[in-house]
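Residues per chain, in single letters:
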Amino acid sequence: MQTSPAHAAHHDEREIETLEDFDATVSARGTLAGYRVQAVDLTDRTRELLTTDTSGAVFLGCPMREDAAQKIRTDGALVFPPVPDLPFDPYRGHLYTADQLFASLEKGYERTPDALAYAWFQRTRADGDIFASMLRAVHDDSISDALDELLRGARVVGVMGGHAMARGTEAYAGAARLGRELSRDGLTVATGGGPGAMEAANLGAYAAPYEDEMLEEACRLLARAPSFTPSITDWAQAAFEVRERWPKGNHSVGIPTWFYGHEPPNPFAAYIAKYFANATREDGLLARCNAGVVFLPGAAGTVQEIFDNATPNYYESRGEPTPMVLVDREHWTERLPTWPLLQALARERSMESRIALVDRIEEAPEALKRLGG
């Protein structure tokens, strides 16, 4: 049973993202020349910094004593100091966890790092400050780098669907069973990281190592707070209660955005790659789903994702087309007739054998396997 994607061991050999990495590099190599040190607190490593060659190195957001900073600048290293009074670290070396984003939840959601980052985004987005937009871009690039390191070598399947799907509904339970089956098949489930269908799929992946009854019981517990409105605090606390009761779930990935501030991240994704720029997030999410994508009934956002995914499959700009499975015939042919257009685009191209429309969510895993050859 897979519990986490192939990760950190594969990161760029010149990147140092933890104090352990830093100590190991200094003792094994005796030099930091040309290294990239990312968001590591070096306040207690002054002696090492003063006695080690750091020429050509780059220090991104690493707290350190002033004498150490002066010495490494003299060596020819670049030092990007930490930015004071920011509710997030633009240079972070790792993805977020739900515990980090929801820290201080007991005082109310608006006190959490997630809510504070969103409030900062709202404030700075309005004033068009170049420094703030640069910090957002650096942050999002750090997140993409961490996501690549995490998912290297993993078989990733995306589950897309709207945030409006309420806990306690049959649709939610179906999306959760889908996530569970995909995770049990050894795939890494990736979603947009928000509530609704996205949460359900991350919950299902989390439930994969447990007996089937666990998921039914978890769905019952969650149904007490069916939606993230009116209270994100109650909604998130219900999820943390489920996690406390069953603490050893499978890993999955959520890729949400602060662009939609009304949409908190869900706590069932083990790794959360949260972005400021929604365009970067959308493209990054779909580009990493190398084992295909399942599209559950959704509205404008899900329609956009279908064609964001179809375009590189049509042009084969990312190599061979990846499987696309649309769930709910009536939804995708009558309510929002996306399927006929997708079929017309695919006709006589290699993506034609990689798309499918199924009636029921239970048919999606089998369709994915069939399309994936």
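Structure first, text after, so check above.
An account of the accompanying structure is given in this report. (Residues numbered from 1 in each chain as written. Predicted model: local features only at pLDDT ≥ 70, side-chain atom pairs only at ≥ 80, totals over all residues. Heavy atoms only, no water.)

Right, let's get into the sheet that holds strand 4 (residues 78-80). Strand order in the open sheet made by the four strands is 1-2-3-4, with parallel pairing throughout. Strands with a single pairing partner mark the edges of an open sheet, and in this sheet they are strand 1 (15-16) and strand 4. Two elements, strand 2 (residues 36-38) and strand 3 (residues 58-60), share three bridges in a ladder whose sense is parallel. Residue pairing for strand 3: Arg 36 is matched across the bridge by Val 58. (Pairing = 2+ DSSP bridges. Helix = DSSP H or I, 4+ residues; strand = E, 2+ residues; numbered from the N terminus.)

A few words on the environment of Gly 93. Here Gly 93 lies in the loop between strand 4 and helix 4 (98-101). Along the primary structure Gly 93 and Glu 149 are separated by 56 residues, whereas in three dimensions their C-alpha atoms are 10.0 Å apart. Not counting residues within four places of it along the chain, the set of residues in contact with Gly 93 comprises Glu 17, Gln 38, Ala 39, Ala 146 and Glu 149. (Contact = heavy atoms within 4.5 Å.)

In this section: the side chain of Arg 354. Checked against the element boundaries, Arg 354 lands in the loop between helix 14 (338-346) and strand 11 (355-358). Overall, Arg 354 belongs to the buried group, its relative accessible area being 18%. Of note is the side chain of Arg 354, whose polar atom sits 3.1 Å from the backbone oxygen of Leu 371. (Buried < 20%, exposed > 50% of the residue type's maximum accessible area, 1.4 Å probe, protein only. Polar contact = N/O pair within 3.5 Å; in protein donor to acceptor, adjacent residues only side chain to side chain.)

The next subject is the sheet that holds strand 11. Pairing is parallel in the open sheet, where seven strands are placed in the order 8-7-6-5-9-10-11. Whereas interior strands pair on both sides, the edge strands pair on one side only; in this sheet they are strand 8 (271-272) and strand 11. Bridge count for strand 7 (residues 253-254) against strand 8 is two bridges, and the pairing is parallel. Bridged to Val 253 within strand 8 is Tyr 271.

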